[in-house]
Amino acid sequence: MSQKPWVKNYPEGCHDKVDFAEVTHIADQLQKACQTFGDKRAMSCPIAFFDIHMTFTEFNENATRFAAFLQNELGIKKGDRVAIMLPNLMQFPVVFFGVQKVGAICVNTNPLYTEREMLHQFKDSGAETIIILDLLIDKLDHIIKDTKIKNVVTTSIGDHLPFFQRKLMKVLLKIKKQNVPNHSISVHQYRAGLESTGEFKSPTILPEDLAVIQYTGGTTGVSKGAMLTHGNILGDIAVVKEYIKKEIPNAKHTVLTALPLYHIFALTVNYLTFLLCGQHIVLVPKPIPISNTLKVFKKYPITVMTGVSTLYNTLNNSPGFGDLTKGTLQFAVAGGMALHREVAQSFKKITGLNIIEGFGLTEASPATHLNPLDGRERLGSIGLPLPGTNSRIVTEDGKDVPAGEVGELVISGPQVMKGYWQRPDETAKTIKNGELWTGDMAKMDEDGFFYIVDRKKDMILVSGFNVYPNEIEDVLCMHPKVMEAAAIGVEDKASGESVKAYVVKKDPSLTEAELREHCRENLTGYKRPRVYEFKTELPKSNIGKVLRRHLKDENEKKTPAAGKTA
């Protein structure tokens, strides 16, 4: 087998060697895109009864004024850490661009975070400035004294609306009782930043300088800050653009951006990659309830969408979704978590399209693998390593395993992070000899297509046999009465561990006996769940990834129930 068997299956015209001449810094590339595409529409954002639009020229002008405000009013300089705590409003891309212009480091923060989670991230990153939605200011008020934050910039939902519409938006928010909470913090106004008349001075920014401290989801432990340089992020964009150049950049696409921009998937793929290709992105501030996302499909001719398996599953179960995509939707890309086979098959029946599955992780900026967009994708596979990216499947001591065998996925390439912020010990565990050890168990076939089996830490050991939750969940979701499912390992005196299944019903008539029979038909004995628990919903991360760790914690707090033998 050749060292890179996947290269022969690359899309037509795609080369493994990538020209990184454009890898300078993020603000430089965004500014060049704005100059190239000028008056073309860059972004849209539907809010309540209004739609906000911004051209590439307007985008650059707003970001430059905000950058001048950061420099002149707040004294922000290269290397400072700036927290951004915003949903998918127009403010996010403007603020991110402005922060990149001054050479500061973005610390993207989930607006749904609790005070405890906020405090950990702000203390760990050492952020001294934050741009935050005004409706969240009370949470910051409770913890700010324990952080280094000295500059607070607040923005209102309607800050990019014209004057009278802004006033009307405030009235609507009051009617919904979404008032700005009382607080004692002295704040600057985002609107003042947009009206800055100060001079902006561009600093010297190098590819090796940090652009983002992107915190991991914390799904397997304490959240750590991945240090992503300008070279990492732009390198990842360069390899993605090389891979998709025949299918995406030459057309004018409208890209659904329901995934949050503060997550690395949407930040790099939806925001940066598509904007740098001159595409139009539509921001969805609140995709759930799913009716909000369906309204966007009604209003805009969406041609490309990205999502996670749970989002696609919810859309599949939304009446009328297929009609909204006919004649417009051309590509659907999945990442962030395993794409369940049943979800992909249902999506194909409804829309006529295959979901193109890819793979990435925060520590790799994030994309490392993607299925071909030319109709040669393989269901269940995360696809081929991107150009300029090398992937291996290895044993615990780093030796390559033969094709078809399971081992740990190891990655090297321009997108691999510099390390974890202020955690050299964790960095040494994850990056060895320049390679990123992902913690994902995977396999590769003879053609170079890769398949994720499961997270190494989530693997269940039943009587010495490896059981992977993804497989159990896939089988459970095959049942027509199941909406969602999750599987974890629980202590078992006889077998060390056994499988416990959590199930959300699609049909209320579903019984445990039906699930046991279904699993008996589709799983060998040791893989079958011993215990079933029905839930109304599963705990999820900010992008919809099921949090098995939360289920394990929940299970440990309960008195273990004796399960029946499957």
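Keep in mind that this is a model prediction, so the values were computed, not measured. (Residues numbered from 1 in each chain as written. Predicted model: local features only at pLDDT ≥ 70, side-chain atom pairs only at ≥ 80, totals over all residues. Heavy atoms only, no water.)

Structural notes on the overall build of the protein
Let me state the cut-off plainly: Only DSSP runs of H or I reaching four residues or more are called helices, and only runs of E reaching two or more are called strands; each is numbered from the N terminus. Any pair of residues with heavy atoms lying within 4.5 Å of one another is described as a contacting pair. Here, Shrake-Rupley sampling with a 1.4 Å probe gives the accessible areas, and only protein chains in the shown set may cover a residue. The charge count treats Lys and Arg as positive and Asp and Glu as negative. His and the chain ends do not count. Throughout, a charge is located at the NZ atom of Lys, the CZ atom of Arg, the CG atom of Asp or the CD atom of Glu.
Assigned secondary structure in the protein consists of 17 helices and 27 strands. If one aligns the C-alpha atoms of the protein with their principal axes, the spans along those axes are about 70 × 55 × 50 Å. A separation threshold of at least 6 residues defines the contact pool for the protein, and within that pool the share at least 24 residues apart is 70%. Here the protein displays about 23700 Å² of accessible surface, and carbon together with sulfur accounts for 51% of that area. For the protein, the separation between the mean place of its 69 positive charges and that of its 64 negative charges on side chains is 4 Å.

Observations concerning the packing of helix 1 (residues 26–37) against helix 9 (residues 264–276)
Counted only if it meets this: Each axis is a line fitted through C-alpha atoms, taken for helices only over the stretch in contact, and angles between the N-to-C directions span 0 to 180 degrees. The cut-offs work like this: below 35 degrees is roughly parallel, past 145 is roughly antiparallel, 65 to 115 is roughly perpendicular, and the gaps in between are oblique.
Across the interface, helix 1 lies against helix 9 with an axial gap of 9 Å and an inter-helix angle of 50°. Relative to helix 9, helix 1 is oriented oblique. Contacts between helix 1 and helix 9 involve I26, Q29, L30, A33 and F37 on the former and, on the latter, Y271, L272, L275 and L276.

Structural notes on the nonpolar core
Test applied: What makes a nonpolar core is a set of buried Ala, Val, Leu, Ile, Met, Phe, Trp, Tyr and Cys residues whose side-chain atoms join them at distances within 4.5 Å. Three labels apply to residues, based on accessible area from a 1.4 Å probe with only protein chains included: buried if under 20% of the type maximum, exposed if over 50%, partly exposed otherwise in between.
One finds F59, F96, L140 and Y271 to be the most contacted residues of the largest nonpolar core, which totals 160 residues. Here this core gets 10 residues from one element, more than from any other, and that element is helix 9. Setting aside anything within four residues of it in sequence, one finds L140 in contact with M118, F122, I130, I132, I149, V152 and I185. Listed in part, the 18 residues of the second largest apolar core include I460, I472, V482 and A487.

What to know about a nonpolar patch on the surface
To be explicit about the condition: Patch membership requires more than 30% relative accessible area and the absence of a salt bridge. Residues of like charge join within 9 Å; the nonpolar side chains Val, Leu, Ile, Met, Phe, Trp and Tyr join within 5 Å. Salt bridges are identified by distance alone: a Lys or Arg side-chain nitrogen within 4 Å of an Asp or Glu carboxyl oxygen.
Together, L168, V171 and I175 make up an exposed nonpolar region whose accessible area comes to about 280 Å². Along the polypeptide, L168 turns up in helix 6 (residues 163–175).

Observations concerning the environment of H479
With respect to the helices, strands and loops of the structure, H479 is situated in the loop between helix 15 (469–478) and strand 25 (482–492). The spatial distance from the C-alpha of H479 to the C-alpha of P469 is 16 Å, given a sequence separation of 10 residues. Excluding its chain neighbours within four sequence positions, the residues that come into contact with H479 are L510, E514, L515 and H518.

Comments concerning the sheet that holds strand 2 (residues 50–55)
Convention followed: Here the rule is simple: two strands pair whenever DSSP picks up at least two bridges between them.
Strand order in this open sheet of nine strands is 2-1-11-10-12-13-14-15-16, and the pairing throughout is mixed. Strands at the two margins of the open sheet, each flanked by one partner only, are strand 2 and strand 16 (384–385). Sheet analysis places strand 10 (residues 254–257) next to strand 12 (residues 304–307), joined by two bridges and oriented parallel. The partner of L256 across the bridge, within strand 12, is M305. Contacting strand 1 (41–47) and strand 2, helix 2 (residues 56–72) crosses the sheet at an angle of about 85° to strand 2. Helix 9 contacts strand 1, strand 10, strand 11 (280–283), strand 12 and strand 13 (331–334) of the sheet and is inclined by roughly 160° relative to strand 12.

Let's talk about the environment of L476
By secondary structure assignment, the location of L476 is in helix 15. Take L476: its relative accessible area is 0%, and that puts it in the buried class. With 53 residues separating them along the chain, L476 and P529 place their C-alpha atoms 10.0 Å apart. The contacts of L476, once residues within four sequence positions are left out, are V482, A485, A501, V503, L515, H518, C519 and Y532.

Let's talk about the environment of E484
The criterion, for reference: Any N or O atom pair separated by 3.5 Å or less is treated as a polar contact, with the protein-specific requirement of one donor-capable and one acceptor-capable atom, and with residues adjacent in sequence counted only for side-chain atom pairs.
Along the chain, E484 turns up in strand 25. For the pair E484 and V546, spaced 62 residues apart in the sequence, the C-alpha separation amounts to 9.5 Å. For E484, the residues in contact, after removing those within four places along its chain, are T310, N313, C477, Y502, V503, V504, L538 and K540. Among the polar contacts made by the side chain of E484, one reaches the side chain of K540 at a distance of 3.0 Å.

Description of the packing of aromatic side chains
The condition that has to hold: The pairing test for Phe, Tyr and Trp rings, Trp by its six-membered ring, is centres within 6.5 Å, and the orientation test on the planes gives stacked under 30 degrees, edge-to-face over 60, and tilted for anything in between. Counted as over-ring charges are cases with an Arg CZ or a Lys NZ within 6 Å of the ring centre that also lie within 35 degrees of the ring normal.
Summed over the entire model, instances satisfying the criterion amount to 14 aromatic pairs. Relative to F347, the ring of F321 has its centre 6.0 Å away and its plane inclined at 45°; by these criteria the two rings are tilted. Of the two residues, F321 sits in helix 12 (residues 321–325) while F347 sits in helix 13 (residues 341–351), which places them 26 residues apart along the sequence. What makes F347 buried here is its relative accessible area of 0%. Among the aromatic side chains, those forming a connected cluster through ring pairs are F59, F92, F96, F97 and Y271. Of note, K224 hangs over the ring of Y420, and the distance from its end group to the ring centre comes to 5.1 Å. In this arrangement the basic side chain of K432 is found over the ring face of W437, its NZ or CZ atom lying 4.3 Å from the centre.

Concerning the packing of helix 1 against helix 3 (residues 91–101)
Note the cut-off: By the definition used in this description, the sense in which the near helix is turned from the far one sets the handedness, with an anticlockwise turn below a right angle giving left-handed and a clockwise turn giving right-handed.
Following both chains from N to C, one finds helix 1 and helix 3 inclined at 120°, their axes separated by 8 Å at the closest point. Regarding the angle of helix 1 to helix 3, the classification is oblique. Considering only the axes of helix 1 and helix 3, their crossing is left-handed. Taken together, the residues of helix 3 that come into contact with helix 1 (itself represented by I26, A27, L30, Q31 and C34) are F96, F97, Q100 and K101.

A short note on the state of the cysteines
Put simply, the rule reads: Two cysteine sulfur atoms make up a disulfide if the distance between them is within 2.5 Å.
Taken as a whole, this structure holds zero disulfides when the rule is applied. In this model C14 remains outside any disulfide bridge; the closest cysteine sulfur is found in C277, 14 Å from its own. C14 gets classed as buried once you look at its relative accessible area, which sits at 11%. The closest cysteine sulfur to the non-disulfide-bonded C477 is located on C519, 11 Å from its own sulfur. Accessibility expressed as a relative area gives 7% for C477, which makes it buried.

Brief notes about the pairing of strand 11
Under the convention used in this document: Convention used here: a crossover is right-handed provided that the path from the first strand, over the helix, to the second strand proceeds clockwise when the strands point away from the viewer.
Here strand 11 shows no split at all, with H280 and V282 on one side and I281 and L283 on the other all buried. Here strand 10 runs beside strand 11; their pairing, made up of four bridges, is parallel. In the strand pairing of strand 11, L256 is matched with V282. In this fold, strand 10 hands off to helix 9, which returns the chain to strand 11; that crossover is right-handed.

Here's the deal with the pattern of salt bridges
According to the stated counting rule, one finds 32 salt bridges in the structure shown. Between K245 and E242 there is a salt bridge, and its shortest N-O distance comes to 3.1 Å. A relative accessible area of 32% means that K245 is categorised as partly exposed. The salt bridge involving R548 is made with D458; its shortest N-O contact spans 2.8 Å. Pair noted here: R548 is in helix 17 (residues 548–557) and D458 is in the loop between strand 22 (450–455) and strand 23 (460–462), with a separation of 90 residues, a long-range link. Given a relative accessible area of 10%, R548 falls into the buried group.

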